[in-house]
Amino acid sequence: MFQKKTRAGALAAVVATAALVLSGCAVDSGSDGGDSSGGDSANLAITFLPKNLGNPYFDTSSAGAKEAIGEFDGTFAEVGPAEATPDAQVSYINTLTQQGVGAIAVSANDPEAICDALNEARDAGIKVVTFDSDTNADCRDLFINQATAEGIAKVQVDLITEQIGDEGEIAILSASANATNQNAWIDLMKAELEANHPNVTLVDTVYGDDDDQTSFDKTAALLQTHPNLKGIISPTTVGIAAAARYLSTSEYKGKVALTGLGTPNQMREYVEDETVTAFALWNPADLGYLAAYASKALIEGEITGEEGDSFEAGKLGDYEVGADGVVLLGDPYVFDADNIGDFDF
């Protein structure tokens, strides 16, 4: 995997993109992208298919995608299931194939469950880009990776171990049990803990299914089951916000550390009231923006997804395709009380 070739002003770009998201980029309904003919060699009808709708993380990534697609005069649409279950995305992919869109950008709920549908779309000439959460490599043309799995895992381990004094019991509150990205991060977090933090013990991993109430309840259960728990890592934006909401009004506030992956707007009140010290993320608006430009480059034949291909991605600059068709957005960013006021997404 390769880093972006030009990253000058990365922090400024994050802030600028965040401001655009806040300004109200509304997400279109799925019907907007279904009227383009699949026979057009420059069919820039690009539909985003997140894990589930109504998720603030994907609302932000879709806003970035819509911004990008507007810049190159394509047609943006978003469709998706209400719940992030393994096969919930299949029917949407089949419909988009029938509609003949130019590209599908999907965050996969499962690495295999949607592969047959995606390959049928590709056989019909539709380009397939995964972002945020990948499928098997033979089911798509490109994967837009938010950061390396190693980098994401390490930043979360570094944060929690620092916050608990590098000793004691911790647990993980993840998304769905089949989520490709979370499972990869968890495996790497376990390896990092074992290799470099021998006095920290991972006692449990539970799944909130990217549902607010389920994640809230799982947090309560963790604390009841493990009375000596010193910290929780939640590598999902829904999970970390739900866990923070529980901790903020509980007897565990200030006693049990919480970190993971969240958005500044979700987590601001919990940082300000000292429920949470620090957490990490990339800019999801930039992730959607990059996925849109990658889709355009595939549709127009500028790239094929081969290692070494390069393309231009608007304000983000130039990117290069790495091994296995992976394009890397950049490094995770840590948010804390000193900088969270600089961001608005």
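Cut-offs and rules
Residues numbered from 1 in each chain as written. Predicted model: local features only at pLDDT ≥ 70, side-chain atom pairs only at ≥ 80, totals over all residues. Heavy atoms only, no water. Disulfide = S-S within 2.5 Å. Helix = DSSP H or I, 4+ residues; strand = E, 2+ residues; numbered from the N terminus. Buried < 20%, exposed > 50% of the residue type's maximum accessible area, 1.4 Å probe, protein only. Polar contact = N/O pair within 3.5 Å; in protein donor to acceptor, adjacent residues only side chain to side chain. Contact = heavy atoms within 4.5 Å. Patch = residues over 30% accessible without salt bridge, like charges linked within 9 Å, V, L, I, M, F, W, Y side chains within 5 Å. Areas by Shrake-Rupley, 256 points an atom, 1.4 Å probe, with all protein chains shown as cover. Salt bridge = Lys/Arg side-chain N within 4 Å of Asp/Glu carboxyl O. Lys, Arg positive; Asp, Glu negative; His and termini not counted. Charge placed at Lys NZ, Arg CZ, Asp CG, Glu CD. Pairing = 2+ DSSP bridges. Axes fitted to C-alpha atoms, helices over the stretch in contact; angles between N-to-C directions.

## Describing the state of the cysteines
Then, number 1: Within the structure shown, the criterion is met by one disulfide.
Then, number 2: Here C115 connects covalently by a disulfide to C139, the sulfurs 1.9 Å from one another. Note on the C115 and C139 pair: the S-S dihedral is about 95°, so by sign convention the disulfide is right-handed. Taken together, the residues span a long stretch of sequence, with C115 in helix α4 (residues 115-123) and C139 in the loop between β4 (127-131) and β5 (142-145) at a distance of 24 residues.
Then, number 3: Judged by its relative accessible area of 7%, C115 is buried.

## Let's talk about the side chain of D141
Then, number 1: Take D141: it is sitting in the loop between β4 and β5.
Then, number 2: The exposure class assigned to D141 is buried, which follows from its relative accessible area of 15%.
Then, number 3: A polar side-chain atom of D141 sits 3.2 Å from a polar atom in the side chain of R122.
Then, number 4: Not counting the four nearest positions on each side in its chain, D141 is found in contact with R122, I126, K127, V128, L298, G305 and G325.

## With respect to a negative patch on the surface
Then, number 1: There is a patch of like negative charges on the surface, built from E71, E302, E312 and D318.
Then, number 2: If you trace the backbone, D318 turns up in strand β12 (residues 318-320).
Then, number 3: Overall, D318 belongs to the partly exposed group, its relative accessible area being 32%.

## Side note on the pairing of β5
Then, number 1: Judged by which residues are buried, β5 turns out to be covered on both faces: L142 and I144 on one side and F143 and N145 on the other are all buried.
Then, number 2: As paired strands, β4 and β5 are joined by three bridges and run parallel to one another. Paired with F131 across the bridge in β5 is I144.
Then, number 3: Of the strand pairs in this sheet, β5 and strand β13 (residues 326-328) are connected by three bridges, and their pairing is parallel.

## Side note on the sheet that holds β4
Then, number 1: Taken in spatial order, the six strands of this open sheet run β2-β1-β3-β4-β5-β13, and their pairing is parallel. Each having just a single partner strand, β2 (75-78) and β13 make up the two edges of the open sheet. Adjacent strand axes in the sheet meet at a mean angle of 20°, parallel and antiparallel pairs treated alike.
Then, number 2: Here four bridges tie strand β1 (residues 45-49) to β2, and the two strands are oriented parallel to one another. By the bridge assignment for β2, A45 is matched with T75.

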